[in-house]
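Here are the chains, one letter per residue:
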Amino acid sequence: MLHGSTEVNNGRSTLYQDGNFKRTFDDLSNRGELKNTIVVFPTYYPSSKQVSSNYYDDNPLNRRFAKTELMHDLVPTVEKRYKTYAKNTTKKQLEKSRNHRAFGGFSMGSITTWYVFQYDLPYFKYFVPMAGDSWTVTSDGGSAAPRRTAQVLANAAKKNSNLSFKIFTGVGSGDGTSGSMEPQIRAMWNLPQFNRSNLEYYTQPGGNHDAPTISRIINHYGKELFK
């Protein structure tokens, strides 16, 4: 689960605390959903010096995190430390255990999630981009270039045509980022690689661009993850 722009404190993601995710995941577990699940809240900022009030400055960091750092550093570190479905951290084992791995994010973390789909599909089956479109073609690509953006994502699916996936998108009803997400999702649904089954779109009633809304979206999708 990846935070949005500036959401760090002493190098740690504040999304976990701001969204009261401990309660969210405890409640899901008590309902028999996401039981025995390891949830990691990393940051894409290499240092506090790179935290910028202009979230457009984050985009290169988001892409680098997905393209390089996630599978080279973060995932192997987690898989080595905890007992998981991967027997070791070789490429073969990480690919073999992809059905038990998900990536999601909020705002700029959502932009990163689309990059993870593009670059790391062999290692993740589930994706939860929330309150953010894909910027792989251009900034605000979901509204500025929805068809081209959708095609790049479709190309990633075609490249890995033997792999199934689920994308659970979400946004608050009062969140302006829906204006970028919806055109992209509609463009994706128009391509053969995507349908209403492997690409879902959920609007959280009364939700805004904030961590509590993201927590409620995760609660909504909890029963569908890892199924």
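These notes cover the structure that comes with them. (Residues numbered from 1 in each chain as written. Predicted model: local features only at pLDDT ≥ 70, side-chain atom pairs only at ≥ 80, totals over all residues. Heavy atoms only, no water.)

## Re the pattern of salt bridges
Link 1 in the chain: Scanning all chains against the criterion turns up 6 salt bridges.
Link 2 in the chain: Glu-69 is the salt-bridge partner of Arg-64, the closest N and O atoms lying 3.2 Å from each other.
Link 3 in the chain: The salt bridge partner of Arg-101 is Glu-79, with a shortest N-O separation of 2.9 Å. Note that Arg-101 is positioned in the loop between helix H4 (91-96) and strand E3 (102-106) and Glu-79 in helix H3 (residues 59-81), a separation of 22 residues in sequence.
Link 4 in the chain: By relative accessible area, Arg-101 is classed as buried at 7%. (Salt bridge = Lys/Arg side-chain N within 4 Å of Asp/Glu carboxyl O. Helix = DSSP H or I, 4+ residues; strand = E, 2+ residues; numbered from the N terminus. Buried < 20%, exposed > 50% of the residue type's maximum accessible area, 1.4 Å probe, protein only.)

## Focus on H3
Each α-helix turn comprises 3.6 residues. Residues three or four places apart therefore point the same way.
Link 1 in the chain: Approximately 70 degrees is the largest bend angle found in H3, and it occurs at Glu-69.
Link 2 in the chain: Within the span of H3, buried status applies to Asn-59, Leu-61, Asn-62, Phe-65, Ala-66, Leu-70, Met-71, Val-75, Pro-76, Val-78 and Glu-79. (Bend = angle between axes of the 7 residues up to and from the residue.)

## Observations concerning the nonpolar core
Soluble globular proteins tend to pack their nonpolar side chains together in the buried interior.
Link 1 in the chain: Of all hydrophobic cores here, the largest spans 36 residues; its most connected members are Phe-117, Phe-124, Ile-167, Met-188 and Phe-194.
Link 2 in the chain: Breaking this core down by element, the ones donating at least two residues are H3, helix H5 (108-120), helix H7 (146-159) and helix H8 (178-189).
Link 3 in the chain: Leaving out residues up to four positions away in the same chain, Phe-124 has contacts with Leu-70, Met-71, Val-75, Arg-98, Arg-101, Ala-102, Phe-103 and Val-116.
Link 4 in the chain: Core analysis: the second largest hydrophobic core is formed by 22 residues, Leu-15, Val-128, Phe-168 and Ile-217 among them. (Core = buried A, V, L, I, M, F, W, Y, C linked by side-chain atoms within 4.5 Å. Contact = heavy atoms within 4.5 Å.)

## Side note on the pairing of E3
Link 1 in the chain: Within E3, 4 of the 5 residues are buried, which leaves it mostly tucked inside the rest of the structure.
Link 2 in the chain: Across 5 bridges, the pairing between E3 and strand E4 (residues 126-130) is parallel. Directly across from Phe-106, in E4, lies its bridge partner Met-130.
Link 3 in the chain: Each parallel crossover has a hand, and for E3 linked through H5 to E4 it is right-handed. (Pairing = 2+ DSSP bridges. Right-handed = clockwise from strand over helix to strand, strands pointing away.)

Keep in mind these numbers describe shape, not what the thing actually does.
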